Amino acid sequence: MSVIVRFAPSPTGRLHVGNVRTALLNHLFVREQGGEFILRIDDTDLERSTEEYENGIREDLSWLGLEWDSSFSQSRKFDAYDAAASKLREMGLLYACYETAEELDKQRKLQRVAGKPPIYNRASLELSDDQKEEYRREGRLPHWRFKLSGGIVTWNDLVRGEQSIDTSSLSDPVLIRGDGSYLYTLPSVVDDIDAKITHVIRGEDHVTNSGAQIEIFRALSDHLPEFAHTPLLVGKDGKGLSKRLGSLSIAQLREDGLEPMAICSLLGKIGTSDPVEIRDNMQVLASEFSFDKVSRAPARFDEDELAMLNAKLLNNMPYERVKERLDDLGVQGGEDFWKLIRANINKFGETAGWSVMAFAPMAGQIEPEDAEFCALAADALSDELDADSWGKWTSYLKETTGRKGKSLFMPLRMALTGRARGPEMDKMLLILGAEKTKARLRGQTG
Ligand code: GLU
């Protein structure tokens, strides 16, 4: 049996690291196992869902390299949900309820005062046809609840192991609101059955839902997927990320200059038994993925770790993988220049600054006390440069001036690059060339 998984975001906001981790784990699992990855747009909430967010989801997933094999929107499938609802009604498993929100609220308060759990009391199940008719005449629109069995639902969760949910401890879930709109619970099951989803991989905030949804699966079909509920993300302080999700949206991280594989490496490794390390492609990440490695403890998302992985990724990035992006940024110098600067960047955008430094005219930065030394260095530099030039040149300068260490090298670096830290100077010298180097050492623009 080939694996079929789905990622099911609601287009009511931009994707953030929390829901992208779910998408990624689905993607890694299906890539590792072979099978199909479906993108399901959960847009049954027609008021809050927007096309703009839907497009944003597709854009973010594509950018991250989490391509899907097929995709559909729930808003196109209301007929299927209506058919499933009718079937449940016929089976006596979907019943009309007439309580208003205020009445339900009051009921829960009374239960709490009496020390009882706030579970729906199923009063509407007892209504006679006349009473229902009376409510309808009053203009009350029924909402519809699924009748749970009251038994124990069990499954072997791929992350959490044996799970059991006592459905007698739950309220019968509302599947259809008074205005006829569907909550997420039923459409999700109908779609998982239709698409023959083999594994439902989602956050552990859905564990309780799974108890009710498994009963709905059983009522509607003999198809039941396996479940994997992954722990939620927390920040490095151990606190939930909910308040910071805006700044942790994929759009924002992209804007901040982070690379897709840095984000995917971090999200694919945190909360697993593997060390958090950079992987430069999805195949490797997928080949290393297994649910056995996913811990039940929350996964810590640390932005500093993300920044570090990002730098590591770039520091070793082969030229072929960035050639186009360098061209787009107008970075000159080709492969030699990339290899020279990549160890000195934390974000790709920094390449532009190095390119300007190396190829645009710039005046050398020279402290007054170093002016004489730099002028002498300019005179001493040969016009023909090769790989040994830097070594020979600086040895000569050391001998003739008595300068060594920082006082020898720093004035040269500052004059040539304008920065106290940066790439290896022997190679930088070759990139700059003799003419530019001499001009900058003389404090001129070169
Ligand atoms: N739209 C649901 C959510 O974002 C999907 C949950 C699921 O994967 O079943 O929470």
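Above this text is the structure in question.
Residues numbered from 1 in each chain as written. Predicted model: local features only at pLDDT ≥ 70, side-chain atom pairs only at ≥ 80, totals over all residues. Heavy atoms only, no water.

**Student:** Explanation requested: the pattern of salt bridges in the structure shown.
**Tutor:** Side-chain pairs of opposite charge can arise where the charged atoms are in close proximity. The tally for this structure, following the rule as stated, stands at 32 salt bridges. Among the ionic pairs, Arg 140 bridges to Glu 103, the shortest N-O distance being 2.9 Å. With Arg 140 in the loop between helix H5 (129–138) and strand S5 (143–146) and Glu 103 in helix H4 (residues 101–113), the pair connects residues that are 37 residues apart, well separated along the chain. Since its relative accessible area comes to 32%, Glu 103 is described here as partly exposed. (Salt bridge = Lys/Arg side-chain N within 4 Å of Asp/Glu carboxyl O. Helix = DSSP H or I, 4+ residues; strand = E, 2+ residues; numbered from the N terminus. Buried < 20%, exposed > 50% of the residue type's maximum accessible area, 1.4 Å probe, protein only.)

**Student:** Help me understand the side chain of Arg 279 in this model?
**Tutor:** Within the secondary structure layout, Arg 279 lies in the loop between helix H9 (260–269) and helix H10 (282–287). Within polar-contact distance, the side chain of Arg 279 engages the side chain of Glu 288 at 2.8 Å. Contact partners of Arg 279, with chain neighbours within four places excluded, come to Met 261, Ser 265, Lys 269, Val 284, Leu 285, Glu 288 and Leu 313. (Polar contact = N/O pair within 3.5 Å; in protein donor to acceptor, adjacent residues only side chain to side chain. Contact = heavy atoms within 4.5 Å.)

**Student:** I keep staring at the side chain of Thr 185 and nothing clicks. Help me out?
**Tutor:** Structurally, Thr 185 is set in helix H6 (residues 185–194). Leave out the neighbours within four places in its chain, and Thr 185 touches Leu 175, Gln 213 and Ile 216.

**Student:** Even after reading the chapter, I still don't get the pairing of strand S6 (residues 152–157), so can you show me in this structure?
**Tutor:** Looking down a regular strand, the side chains alternate between one sheet face and the other. Burial along S6 is one-sided: the face carrying Val 153, Trp 155 and Asp 157 is buried and the face carrying Ile 152, Thr 154 and Asn 156 is not. As paired elements, S6 and strand S7 (residues 161–166) share six bridges and run antiparallel to each other. Residue Thr 154 lies in a different strand from S7, and its bridge partner there is Ser 164. Hairpin connection, S6 to S7: the antiparallel pair is bridged by three residues. (Pairing = 2+ DSSP bridges.)

**Student:** What should I look at first to understand the packing of aromatic side chains in this one?
**Tutor:** Aromatic ring pairs are defined here through the distance separating the ring centres and the angle between the ring planes. On inspection of all chains with the given rule, the structure shows twelve aromatic pairs. Centroid distance Phe 289 to Phe 291: 5.1 Å. Interplanar angle 80°. Geometry classified as edge-to-face. Per residue, the accessibility class of Phe 289 equals that of Phe 291, and both read buried. Pairwise contacts between aromatic rings join Phe 29, Phe 289 and Phe 291 into one cluster. In this structure, Arg 145 packs its charged tip against the face of Tyr 120, placed 3.8 Å from the ring centre. (Phe/Tyr/Trp six-rings, centres within 6.5 Å; stacked < 30°, edge-to-face > 60°. Lys NZ or Arg CZ within 6 Å of the ring centre and 35° of its normal.)

**Student:** Would you explain the nonpolar core in this entry?
**Tutor:** Buried together is how nonpolar side chains tend to be arranged in soluble globular proteins. The biggest cluster of nonpolar side chains holds 81 residues, and the ones touching the most others in it are Val 17, Leu 61, Leu 267, Phe 301, Trp 338, Trp 393 and Leu 441. Element by element, the count of residues in this core is highest for helix H1 (residues 17–33), at eight residues. Setting aside chain neighbours within four positions, we find Trp 393 in contact with Ala 377, Ala 380, Leu 381, Leu 412, Leu 429, Thr 437 and Leu 441. If you look at the next biggest cluster of nonpolar residues, it comprises 35 residues, including Leu 88, Leu 170, Leu 186 and Phe 227. (Core = buried A, V, L, I, M, F, W, Y, C linked by side-chain atoms within 4.5 Å.)

**Student:** Looking at this structure, how should I read unusual backbone geometry?
**Tutor:** Note: most peptide bonds trans; most residues except glycine with negative phi. With phi around 60°, Arg 122 is a residue other than glycine that occupies positive phi space. Mapped onto the elements of the fold, Arg 122 is located in the loop between H4 and H5.

**Student:** Looking at this structure, I do not really get the environment of Tyr 81. What am I missing?
**Tutor:** If you trace the backbone, Tyr 81 turns up in helix H3 (residues 78–90). For Tyr 81, a relative accessible area of 0% corresponds to the buried category. On a C-alpha basis, the gap between Tyr 81 and Asn 315 in space is 51 Å, while along the polypeptide they are 234 residues apart. With near-sequence residues (within four places) excluded, Tyr 81 lies in contact with Thr 44, Gln 74, Tyr 182, Leu 186, Pro 187, Val 190 and Asp 191.

**Student:** Any chance you could explain the site of the ligand here in plain terms?
**Tutor:** All residues adjacent to the ligand are Arg 6, Ala 8, Ser 10, Asp 42, Tyr 184, Ser 188, Arg 202 and His 206. The contact in question runs from an oxygen atom of the ligand to an N or O atom on the side chain of Arg 202, over 2.8 Å. Separating an oxygen atom of the ligand from a side-chain N or O atom of His 206 is a distance of 2.8 Å. Protein chains shield 77% of the accessible area of the ligand, which is 300 Å² for the free molecule. Partitioning the shell around the ligand into residue classes produces two nonpolar, three polar and three charged. (Near = heavy atom within 4 Å. Areas by Shrake-Rupley, 256 points an atom, 1.4 Å probe, with all protein chains shown as cover. Nonpolar A, V, L, I, M, F, W, Y, C, P; charged D, E, K, R; others polar.)

**Student:** What's the story with the sheet that holds strand S4 (residues 94–97) in this structure? I'm lost.
**Tutor:** Strands belonging to one sheet form pairs held by backbone hydrogen bonds; the direction of such a pair is parallel or antiparallel. Spatially, three strands are ordered S4-S5-S8 in an open sheet, and the strand pairing comes out antiparallel. Bordering the open sheet on either side are S4 and strand S8 (174–176), each of which pairs with just one other strand. Each strand axis lies, on average, 45° off the axis of its neighbour in the sheet, ignoring direction. For S4 and S5, the ladder comprises four bridges, and the chain directions are antiparallel. Bridge assignment links Cys 97 to a residue of S5, and that residue is His 143. (Axes fitted to C-alpha atoms, helices over the stretch in contact; angles between N-to-C directions.)

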